[in-house]
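# Structure assessment
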Amino acid sequence: MGNYFHSVELNADMCCGCTNCLKRCPTEAIRVHGGKAKILADRCIDCGECIRICPHHAKSAVSNKIEEIEKFRYTVAIPAPALFGQFNGLDNIDYVLTGLKKIGFDHVFEVSRAAELVSEATRRLIKENRLKKPIISSACPSVVKLIKIRFPDLCDNVLPLLAPIEVAAKIARREAIERTGLDAKDIGVFFITPCPAKVTEIHSPNYAEKSEVDGAIAISKIYPDLAHAMDHLEEVESIAQSGLLGIGWATSGGEAAAMLGDKYLAADGIENVIRVLEGLEDEHIRGVDFIELNACSGGCVGGVLTVENPYVAQARIHNLRKYLPVSLNHIGDRSLEDMMWTEELTFDADIFRLDEDIIKAMEMMNRMEAICAGLPGLDCGSCGAPTCRAMAEDIVRGKTKETDCIHKLKAKIQNVYDQLKNTI
Ligand code: SF4
Ligand code: SF4
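Residues numbered from 1 in each chain as written. Chains lettered and ligands numbered in written order. Predicted model: local features only at pLDDT ≥ 70, side-chain atom pairs only at ≥ 80, totals over all residues. Heavy atoms only, no water.

### Details of the overall build of the chain
Each helix and strand counted, the chain has 14 helices and 11 strands in total. The C-alpha atoms of the chain give 24 Å as radius of gyration, which agrees with the globular expectation for 424 residues (22 Å, within 12%). In terms of overall dimensions, the chain has C-alpha extents of about 90 × 50 × 40 Å along its principal axes. Classification of the 424 residues of the chain by burial places 53% in the buried group. Partitioning the intrachain contacts of the chain with sequence separation of at least 6 by distance along the chain shows that 77% fall at a separation of at least 24. (Helix = DSSP H or I, 4+ residues; strand = E, 2+ residues; numbered from the N terminus. Rg over C-alpha atoms; globule rule 2.2 N^0.38 Å. Buried < 20%, exposed > 50% of the residue type's maximum accessible area, 1.4 Å probe, protein only. Contact = heavy atoms within 4.5 Å.)

### A short note on the site of ligand 1
Around ligand 1 sit 14 residues, and of these Cys15, Cys18, Thr19, Cys21 and Cys54 come closest. Tallied by class, residues from the shell around ligand 1 come to 9 nonpolar, 4 polar and 1 charged. (Near = heavy atom within 4 Å. Nonpolar A, V, L, I, M, F, W, Y, C, P; charged D, E, K, R; others polar.)

### Here we look at the packing of aromatic side chains
What the rule picks out here adds up to 2 aromatic pairs. Here the aromatic rings of Phe72 and Phe190 are separated by 5.8 Å at their centres, their planes lie at 80°, and the arrangement is edge-to-face. Linking Phe72 in the loop between strand S4 (59–61) and strand S5 (74–79) with Phe190 in strand S8 (residues 187–193), this pair joins segments that are 118 residues apart in sequence. By relative accessible area, Phe190 is classed as buried at 1%. (Phe/Tyr/Trp six-rings, centres within 6.5 Å; stacked < 30°, edge-to-face > 60°.)

### A short note on the side chain of Glu116
The residue Glu116 is located in helix H3 (residues 111–127) in this model. Engagement of the side chain of Glu116 in a polar contact is seen with the backbone nitrogen of Leu328, the distance being 2.8 Å. Among the polar contacts made by the side chain of Glu116, one reaches the side chain of Asn329 at a distance of 3.0 Å. Other than its neighbours up to four places away in sequence, Glu116 contacts Ser242, Gly243, Leu244, Leu245, Gly246, Val326, Ser327, Leu328 and Asn329. (Polar contact = N/O pair within 3.5 Å; in protein donor to acceptor, adjacent residues only side chain to side chain.)

### Points about the domain arrangement of the chain
Each assigned domain of the chain is listed here: domain 1 (1–62), domain 2 (66–339) and domain 3 (353–424). The C-alpha-based centres of domain 1 and domain 3 are spaced at 23 Å. At the interface, 9 residues of domain 1 touch 13 residues of domain 3. Of the roughly 820 Å² buried at the junction of domain 1 and domain 3 (both faces included), carbon and sulfur atoms supply 44%. By the criterion of area lost to domain 3, the three top residues of domain 1 are Lys23, Arg31 and His33, representing 51% of everything that side buries. At the boundary of domain 1 with domain 3, the tally comes to 2 salt bridges. Notably, a salt bridge pairs Arg31 with Asp394, separated by 2.5 Å at the nearest N-O pair. Joining domain 1 to domain 3, the criterion identifies 5 residue pairs in polar contact (both at pLDDT 80 or more). Partitioned by chemical class, the residues of the side of domain 1 that touches domain 3 number 3 nonpolar, 2 polar and 4 charged. (Domains from an automatic or database assignment. Buried area = accessible area lost by both parts, 1.4 Å probe. Salt bridge = Lys/Arg side-chain N within 4 Å of Asp/Glu carboxyl O.)

### Thoughts on the site of ligand 2
Near ligand 2, the surroundings consist of 13 residues, among which Cys25, Cys44, Ile45, Cys47 and Cys50 are the closest. In terms of residue class, the shell around ligand 2 is built from 9 nonpolar, 2 polar and 2 charged.

Here is the structure:
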């Protein structure tokens, strides 16, 4: 089993084993045993659903601290467009960008600029007929991991282009080297992130060996200092270079609309995403060229590391876009290949393999089916596994026992009682 980095973490001291999170996890990555939840690292996609649902705040997301920028001689902040939806009455994103410089960054490069490049690259690839349709956006790392784990037949449909944060980081670093003459290693590029999935993606990317981003700082962590700095600006620099297409990526439907066609679909919220992926797998969804999927409700503005209600943030983003030109960033003579994934997206079969030995794995599978058939099929979660099938798998893997099923235990006790009764 590989080493996994995850932004989403459990604080066991705060967990009371209530099982609220168990059923919400889209990849069945949670078990509750001995009164404590546990996250199965190989199955977690860092969607943040368990953080949202836990009434005891036992789950949280780790991200970098602002102090970590001091390790570098020159730093560039690359803010997610969702950041611009966090401030009331904002009509000019230069306030936010200048604020980021005020709190310690040397330079700022908007991820929305790179989003415009990715949109143009996607349109070009569609025109050249180089992609399998319908194309599924690769921007949300939770969705990409979900496809790897639950919908491997759709791996070939995922857009093989780098997400805007990676494209932004590449360009920002290159420009910083030209501007300062420093080595690449002396330049720190930090993403200002709305969600834990992007923190994880930077540490273990889906699409390349190494990310171009040096760290990710949560919007919620940076917000108080940034808001304070924005309130005390003596001068607002003219930095912004994004059009409405790039800023639109902050909310659900923004990336799809930037395809400038009409054969697209956009879904947000992990349950809706799963419904669309099931529809695609069953070939019920047809006549669509491009599909945008966001694990968070409302899109990136709904990430668990934001501070504002996603619908309020969505409305603000719509207002901000009104005064912007369509697009200010174009591929020009940049190479399209420089924006493509360097690794193929493939099914992580190891996660589900019951044993290395195929004969033994088959035997375990048969045993698992037999155990599953003997369980009540209620998927009640009281055993600590999300479904009876997951419980059967845990039993054959030796991680739990049949009597952890409360219904089985009840039947066993009844049986013993009946036997004792008959002997008296
Ligand atoms: S929701 Fe999950 S993590 Fe939170 S207290 Fe309940 S079992 Fe523990
Ligand atoms: S972050 Fe998502 S995938 Fe990971 S354990 Fe929580 S609900 Fe499951």
